Protein chains: 2
Amino acid sequence: MLGAGASLARLLRRAPPLCLQRRSRGGRLRVREALAAQAPGGDVRVQGWVRSVRSQKEVLFLDINDGTSLQNLQVVADPKLESRDLGFGSSVEVQGKLVKSHNRKQNVELQAEDINIVGPCDPMAFPFKLKARHAMDYTRQFPHLRCRTNTFSSLLRIRSKATAAIHSYFQDNGYVHIHTPVITSNDCEGAGELFQVETASKTSEPGKNPHFFNVPAFLTVSGQLHLEVVTGGFVRAFTFGPTFRAENSQSRRHLSEFYMVEAEISFTESLQDIMQEMENLFKASAAAILSRCQEDVELFHKYVAPGHKDKLDHMLKNKFVIMSYSEAIEVLKKAPEAFSFKPEWGCDLKKEHEKYLVKHCADIPVFIINYPYDLKPFYARENEDGPQRTVEAVDLLVPGVGELYGGSLREERLHVLQSRLDRLGLLDTYQWYLDLRQFGTVPHGGFGMGFERYLQCILGVDNIKDVIPFPRFTHCCLL
Amino acid sequence: MLGAGASLARLLRRAPPLCLQRRSRGGRLRVREALAAQAPGGDVRVQGWVRSVRSQKEVLFLDINDGTSLQNLQVVADPKLESRDLGFGSSVEVQGKLVKSHNRKQNVELQAEDINIVGPCDPMAFPFKLKARHAMDYTRQFPHLRCRTNTFSSLLRIRSKATAAIHSYFQDNGYVHIHTPVITSNDCEGAGELFQVETASKTSEPGKNPHFFNVPAFLTVSGQLHLEVVTGGFVRAFTFGPTFRAENSQSRRHLSEFYMVEAEISFTESLQDIMQEMENLFKASAAAILSRCQEDVELFHKYVAPGHKDKLDHMLKNKFVIMSYSEAIEVLKKAPEAFSFKPEWGCDLKKEHEKYLVKHCADIPVFIINYPYDLKPFYARENEDGPQRTVEAVDLLVPGVGELYGGSLREERLHVLQSRLDRLGLLDTYQWYLDLRQFGTVPHGGFGMGFERYLQCILGVDNIKDVIPFPRFTHCCLL
């Protein structure tokens with residue numbers, strides 16, 4: 001048993017430094033660490049929340065969870081350690097010994113010597129019930145408590161690892177990380193859907209500028225223009241932060257505050273460069289999430305979206321399709337379906353069109369490229385297929401979610417950009433943006449990916465409000 | 001020379017996947033990769049911005065930078081490749097061979113066969129001049145161009161690596177990463193200094209709720225309360241995102257939008273737990289930054305803040321000091337200095353007091369603990385030294401910067417919190433926060449660190465506006 005003891009000792013040494021053992025007690029182990037202990041033995045302390053209590057005549061079983069893993073640690077105790085407050089949702093500290101478990105589902109269990117109830121939980125008032133599987137639109141009503149359910153705690157672990165995976169992808173591939181600003185004075189992209197910012201204690205004195213920043217200020221809709229600033233001196237830059245839309249929508253696809261992963265690349269040679277990177281990011285991050293959060297992802301693929309695993313595998317193993325906007329319109333025109341909106345060159349693709357195109361591409365994500373000039377913002381690079389006909393822009397459509405990414409080459413030619421901004425009456429506003437072209441301009445482009453939609457796509461979650469800790473949308477800003 | 005060729009071939013394979021070699025050309029290398037090539041040879045292509053041009057009778061020297069390192073790649077070319085547009089700030093693509101350099105400062109140089117000017121840069125209009133060392137308050141006027149200067153590009157690389165180091169610290173130590181919301185309906189902490197958010201296209205119809213979210217909504221001042229939600233089911237959580245203050249201050253220490261690193265820990269046993277983690281984070285991240293950004297940090301310690309390296313080493317090698325607020329007041333009262341604000345138990349520490357205390361502690365960072373009850377927010381845990389006398393709160397003061405961190409144990413006792421909120425008239429507003437204590441409460445605490453102030457502390461940068469890409473403050477929201 002020397003090996004066994006040594007193994008536990010190693011685990012205890014790895015226990016977090018916070019563990020101040022002022023009283024003589026066993027070393028503190030996290031549930032994940034306890035479950036990973038191959039060789040039991042030794043006194044330990046485990047803290048967490050009770051996920052189930054089963055009292056039998058001769059033995060009391062508890063399941064303890066502390067958020068470090070989906071799986072609970074089973075505690076086995078003498079029934080005399082039971083008390084009225086030891087219920088579902090209560091917080092406890094259990095001291096005892098890790099022993100080999102008889103239960104085939106787990107390697108070890110905790111043989112309790114003492115159970116200290118840290119905080120009770122009134123089962124009548126607590127909105128979640130023992131052994132109940134609550135629907136997501138029920139748990140969503142309790143944003144301050146839903147991280148105590150299995151599904152949402154899995155989501156938070158996945159979201160955390162996905163965030164780390166995306167940061168790693170960019171750091172490993174030579175991108176500099178930039179905190180693009182949340183508050184911005186740019187107001188020209190989609191003006192009607194912006195949030196405006198002012199001090200809460202506005203005391204505008206007559207004759208004084210009424211704005212805190214002297215100009216109207218808004219919450220950012222994208223960090224792109226600021227990333228373009230940086231790619232005037234760096235070959236690759238990325239940002240991963242909150243973006244905002246004041247859209248009056250309560251759909252399962254929209255939030256007022258959501259996260260965008262945006263990248264900008266200098267010295268690009270074609271739109272292909274950008275698409276390759278979009279596909280690489282999608283697949284590399286998915287691989288990382290699937291390998292680092294296996295158990296948590298399985299919960300979603302088994303209980304939340306049965307059948308989604310195959311759909312995801314299909315996306316990951318196939319090369320993404322590329323189709324021009326003009327081809328897409330042809331495909332839609334030939335479709336046997338009766339669309340509510342007739343597909344017409346020059347019109348935006350509607351949700352129903354996106355759906356059809358993805359199905360047409362055998363449920364493989366599809367890049368739609370070369371959009372009509374008038375459908376895309378001023379910065380998209382004009383193609384050479386006629387004056388103001390198409391631009392080198394791309395959207396990626398994925399099954400279930402629809403538009404996941406948007407991207408484009410940016411207009412790097414000073415005179416082309418200048419005349420477009422002139423026609424739009426924006427020359428003064430974007431003088432700084434023109435400067436980027438005046439001083440050492442380079443061909444460049446980039447993309448943005450909606451992080452919540454990406455999580456929906458990986459996990460098969462239907463409603464975007466279920467993949468973000470604190471959803472904000474029209475009429476709703478809880479907490 | 002087989003080894004040499006193999007070494008370059010390996011580097012070329014590592015070149016980013018974006019490199020589409022549609023024309024027959026050398027493989028694309030980043031400046032950092034080229035500089036690291038131990039064994040030169042082979043055709044390569046390097047792209048970047050010209051940092052200097054020196055034309056001699058028989059040879060033309062260029063320095064090329066692409067943001068991947070502080071050091072430039074020296075290009076050696078035949079003077080006939082020179083042209084009018086090949087100037088400081090222009091963007092170029094150079095093809096040639098990497099050869100051993102005669103210059104002792106570098107291992108290799110690029111023997112140019114072709115120089116393609118991608119984007120010229122008019123030296124008269126460009127605000128930065130060749131070989132000039134521009135003061136930071138000069139470059140700050142050009143937020144869209146300053147990443148093209150040595151100092152600010154070093155800052156962006158350091159900031160990026162520091163962000164990664166902090167994320168890694170938390171991921172490696174068992175914290176779940178949480179995106180706490182930017183828009184919040186909590187308005188009670190420091191109400192006067194909040195930014196309020198509404199749709200830009202406000203069309204409040206009579207009889208309809210005038211607010212987009214039905215309630216007044218604000219930009220967050222801290223993610224703490226939301227992290228506390230999460231530590232009701234997870235033992236450790238962190239967030240790293242933008243926070244906001246509508247303070248009417250243009251000081252070198254304040255921004256309207258800045259980044260906070262916040263952590264929350266469950267099952268704490270004393271304030272010591274929190275302080276230990278604050279010190280660990282400070283030192284571990286500093287070690288990572290110093291080792292991963294050696295060259296860039298050296299630039300700051302050599303040219304921006306001479307002498308700062310020793311001050312930093314002194315902070316890193318000493319155990320941080322702990323002093324109670326009451327002791328601190330005693331020290332201040334005995335001080336020979338004439339303060340503008342007389343130190344008095346119950347009053348906030350002013351900047352001059354913080355400065356004196358740090359000096360008193362031999363320029364070692366000092367934790368001030370156990371603040372008067374009335375100086376700290378409602379959530380700080382009350383000590384048992386008398387009714388409403390002190391709370392278990394802590395600030396960390398560091399040389400030069402002042403307050404870098406704030407933290408506390410949180411009041412986890414339902415009845416204590418309830419009566420405090422009741423006295424403040426906030427029972428209804430914070431019912432959800434009380435719920436966290438009603439259902440499985442645990443002793444917990446946490447801290448927040450101002451990321452920009454941390455960078456100032458590591459680098460010795462005097463003005464906070466010089467450590468953030470796009471500073472926002474009263475009267476100023478450029479770009």
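Source: prediction; values computed, not measured.

Calculation rules
Residues numbered from 1 in each chain as written. Chains lettered and ligands numbered in written order. Predicted model: local features only at pLDDT ≥ 70, side-chain atom pairs only at ≥ 80, totals over all residues. Heavy atoms only, no water. Helix = DSSP H or I, 4+ residues; strand = E, 2+ residues; numbered from the N terminus. Buried < 20%, exposed > 50% of the residue type's maximum accessible area, 1.4 Å probe, protein only. Contact = heavy atoms within 4.5 Å. Areas by Shrake-Rupley, 256 points an atom, 1.4 Å probe, with all protein chains shown as cover. Buried area = accessible area lost by both parts, 1.4 Å probe. Polar contact = N/O pair within 3.5 Å; in protein donor to acceptor, adjacent residues only side chain to side chain. Nonpolar A, V, L, I, M, F, W, Y, C, P; charged D, E, K, R; others polar. Pairing = 2+ DSSP bridges. Core = buried A, V, L, I, M, F, W, Y, C linked by side-chain atoms within 4.5 Å. Least-squares fit on C-alpha atoms with pLDDT ≥ 70 in both. Salt bridge = Lys/Arg side-chain N within 4 Å of Asp/Glu carboxyl O. Phe/Tyr/Trp six-rings, centres within 6.5 Å; stacked < 30°, edge-to-face > 60°. Domains from an automatic or database assignment. Axes fitted to C-alpha atoms, helices over the stretch in contact; angles between N-to-C directions. Left-handed = near helix turned anticlockwise from the far one by under 90°.

*Asks:* Teacher, can you tell me more about the overall build of chain A here?
*Replies:* Scanning chain A from N- to C-terminus turns up 13 helices and 17 strands. Going through the 479 residues of chain A one by one, you find that 61% of them count as buried. Relative to all contacts within chain A whose residues are 6 or more apart in sequence, the contacts with residues 24 or more apart total 67%. A total accessible area of about 19,200 Å² is found for chain A, and carbon and sulfur atoms account for 50% of it.

*Asks:* What is the right way to look at the interface of chain A and chain B in this model?
*Replies:* Contacts between the two partners involve 115 residues from chain A and, on the opposite side, 115 residues from chain B. Here chain A packs against chain B, burying approximately 9,400 Å² in sum over the two surfaces, 62% of which is carbon and sulfur. Put simply, chain A and chain B have 51 residue pairs in polar contact (both at pLDDT 80 or more) between them. The element best represented in the side of chain A that touches chain B is helix α4 (residues 150-172) of chain A, accounting for 10 residues. Grouping the constituent residues of the side of chain A that touches chain B by class yields 56 nonpolar, 39 polar and 20 charged. Sheet analysis places strand β9 (residues 195-199) of chain A next to strand β9 (residues 195-199) of chain B, joined by five bridges and oriented antiparallel. Bridge assignment links Gln 196 of chain A to a residue of β9 of chain B, and that residue is Glu 198 of chain B.

*Asks:* Looking at this model, I keep getting lost on the nonpolar core. Mind explaining?
*Replies:* If you look at the biggest cluster of nonpolar residues, it comprises 87 residues, and the most contacted ones within it are Phe 170, Leu 281, Phe 282 and Tyr 405 of chain A together with Tyr 433 of chain B. Formed by 86 residues, the second largest nonpolar core is a distinct cluster that contains Phe 378 of chain A together with Ala 162, Leu 312 and Cys 476 of chain B.

*Asks:* It is not clear to me how the relation of the copies chain A and chain B should be interpreted in this structure. Could you clarify?
*Replies:* Both copies of the chain are related by one operation, a rotation about an axis with a shift along it. Take chain A, turn it by 180°, move it 0.0 Å along the axis, and it overlays chain B with an RMSD of 0.0 Å. Both copies are brought into coincidence by an operation consistent with a two-fold rotation axis. Minimal C-alpha distance to the rotation axis in chain A is attained by Val 197 of chain A, lying at 2.5 Å. By residue overlap, the copies meet face to face through one surface: 100% of the interface positions of chain A are interface positions in chain B.

*Asks:* Can you help me understand the pattern of salt bridges in this one?
*Replies:* Side-chain pairs of opposite charge can arise where the charged atoms are in close proximity. Throughout the structure, instances matching the rule amount to 54 salt bridges over all chains. Between Glu 93 of chain A and Arg 45 of chain A there is a salt bridge, with its nearest N and O atoms 3.2 Å apart. With Glu 93 of chain A in strand β5 (residues 91-100) and Arg 45 of chain A in strand β2 (residues 43-55), the pair connects residues that are 48 residues apart, well separated along the chain. On the basis of relative accessibility, which here comes to 8%, the residue Glu 93 of chain A falls in the buried class. Between Asp 296 of chain B and Arg 157 of chain B there is a salt bridge, with the nearest N and O atoms lying 2.9 Å from each other. A residue pair is termed long-range when its members are at least 10 positions apart, and Asp 296 of chain B in helix α7 (residues 294-304) and Arg 157 of chain B in helix α4 (residues 150-172) qualify at 139 residues. Arg 157 of chain B gets classed as buried once you look at its relative accessible area, which sits at 7%. Through salt bridges with shared partners, one network takes in Asp 43, Lys 97 and Glu 113 of chain A.

*Asks:* How should the pairing of strand β16 (residues 402-409) of chain B be read in this particular structure?
*Replies:* A regular strand places its side chains so that they alternate between the two faces of the sheet. Residue and element names in this part refer to chain B. Counting buried positions over the eight residues of β16 gives six, a clear majority of the element. Examined bridge by bridge, strand β15 (residues 390-398) and β16 share six bridges and lie antiparallel to one another. The partner of Leu 396 across the bridge, within β16, is Tyr 405. The antiparallel hairpin formed by β15 and β16 contains three residues in its connecting segment, where Gly 400 sits at a positive phi of about 85°. Summarising the sheet, β16 and strand β17 (residues 444-450) pair through five bridges and their orientation is antiparallel. Counterpart to Ser 408 in the pairing with β17 is Gly 446.

*Asks:* When you look at the environment of Ile 468 of chain B in this model, what are you seeing that I'm missing?
*Replies:* All names here are of chain B. Residue position: Ile 468 is located in the segment after α13 (451-459). Owing to a relative accessible area of 3%, Ile 468 belongs among the buried residues under this scheme. Separated by 150 residues in sequence, Ile 468 and Asn 318 have C-alpha atoms that sit 28 Å apart. With near-sequence residues (within four places) excluded, Ile 468 lies in contact with Arg 146, Phe 152, Leu 155, Arg 159, Leu 255, Glu 257 and Glu 452.

*Asks:* What's the story with the pairing of β17 of chain B in this structure? I'm lost.
*Replies:* Residue and element names in this part refer to chain B. Burial within β17 is extensive, with seven of its seven residues counted as buried. Here β17 shows a buried face lined by His 444, Gly 446, Gly 448 and Gly 450 and a second buried face lined by Gly 445, Phe 447 and Met 449. The pairing of strand β12 (residues 257-266) with β17 spans seven bridges and is classified as antiparallel. Paired with Val 261 across the two strands is Met 449, which belongs to β17.

*Asks:* What is the right way to read the packing of aromatic side chains from this model?
*Replies:* Given two aromatic rings, one states the distance between the centres and the angle between the planes to describe the pair. Residue and element names in this part refer to chain A. In this structure the tally under the stated criterion is 56 aromatic pairs over all chains. Measuring from ring centre to ring centre gives 5.7 Å for Phe 128 and Phe 142, while their planes differ by 85°; the resulting arrangement is edge-to-face. Taken together, the residues Phe 128 in the loop between β6 (108-119) and α3 (136-139) and Phe 142 in the loop between α3 and α4 connect sequence positions 14 residues apart. For the residue pair Phe 128 and Phe 142, the accessibility class agrees, reading buried in each case.

*Asks:* Please explain the domain arrangement of chain A as it appears in this structure.
*Replies:* Put simply, an interface is often sized by how much accessible area is lost when its parts join up. Residues and elements named next belong to chain A. Partitioning chain A into domains gives domain 1 (15-119) and domain 2 (146-466). Here the C-alpha centre of domain 2 lies 45 Å away from the C-alpha centre of domain 1. Taken together, the six residues of domain 1 in the interface contact 10 residues of domain 2. Summing both partners gives a buried area of about 640 Å² for domain 1 against domain 2, and 39% of it is carried by carbon and sulfur. Looking at the side of domain 1 facing domain 2, the largest losses of area belong to Arg 51, Gly 67 and Leu 70, adding up to 72% of the total buried there. Inspection of the region where domain 1 meets domain 2 yields zero salt bridges. Counting every contact that joins domain 1 to domain 2 gives three residue pairs in polar contact (both at pLDDT 80 or more). By residue class, the composition of the side of domain 1 that touches domain 2 is one nonpolar, four polar and one charged.

*Asks:* Where do I start with the environment of Asn 280 of chain B in this structure?
*Replies:* You can see Asn 280 of chain B is positioned in helix α6 (residues 271-292). Distance in space between the C-alpha atoms of Asn 280 of chain B and Tyr 169 of chain B is 9.2 Å, their sequence separation being 111 residues.

*Asks:* What exactly am I supposed to notice about unusual backbone geometry here?
*Replies:* Residues and elements named next belong to chain B. In the Ramachandran plot, Lys 131 falls in the positive-phi region, its phi being about 65° despite a non-glycine side chain. Secondary-structure assignment places Lys 131 in the loop between β6 (108-119) and α3 (136-139). The phi torsion at Asp 363 lies on the positive side, around 60°, for a residue other than glycine. Here Asp 363 is to be found in the loop between α10 (351-360) and β14 (366-372). With a relative accessible area of 37%, Asp 363 lands in the partly exposed category.

*Asks:* Teacher, can you tell me more about the sheet that holds β12 of chain B here?
*Replies:* Strand pairing in a sheet relies on backbone hydrogen bonds. The paired strands run either parallel or antiparallel. An order of β7-β11-β12-β17-β16-β15-β14-β13 (chain B) is seen for the eight strands of this open sheet, with the pairing classed as mixed. Of all strands in the sheet, those bounded by a partner on one side alone are β7 (176-177) and β13 (321-324) of chain B.

*Asks:* What am I meant to see in the packing of α4 of chain A against helix α13 (residues 451-459) of chain A here?
*Replies:* Between two packed helices, what matters for the description is the angle formed by their axes and the separation of those axes. All names here are of chain A. Between α4 and α13, the shortest axis-to-axis distance is 11 Å and the interhelical angle comes to 115°. Here the hand of the crossing between α4 and α13 comes out right-handed. Along the contact surface, α4 presents Leu 155, Ile 158, Arg 159, Ala 162, Thr 163 and Ile 166, while α13 presents Phe 451, Glu 452, Leu 455 and Leu 459. Here the contact of α4 with α13 is built from residues that sort into seven nonpolar, one polar and two charged.

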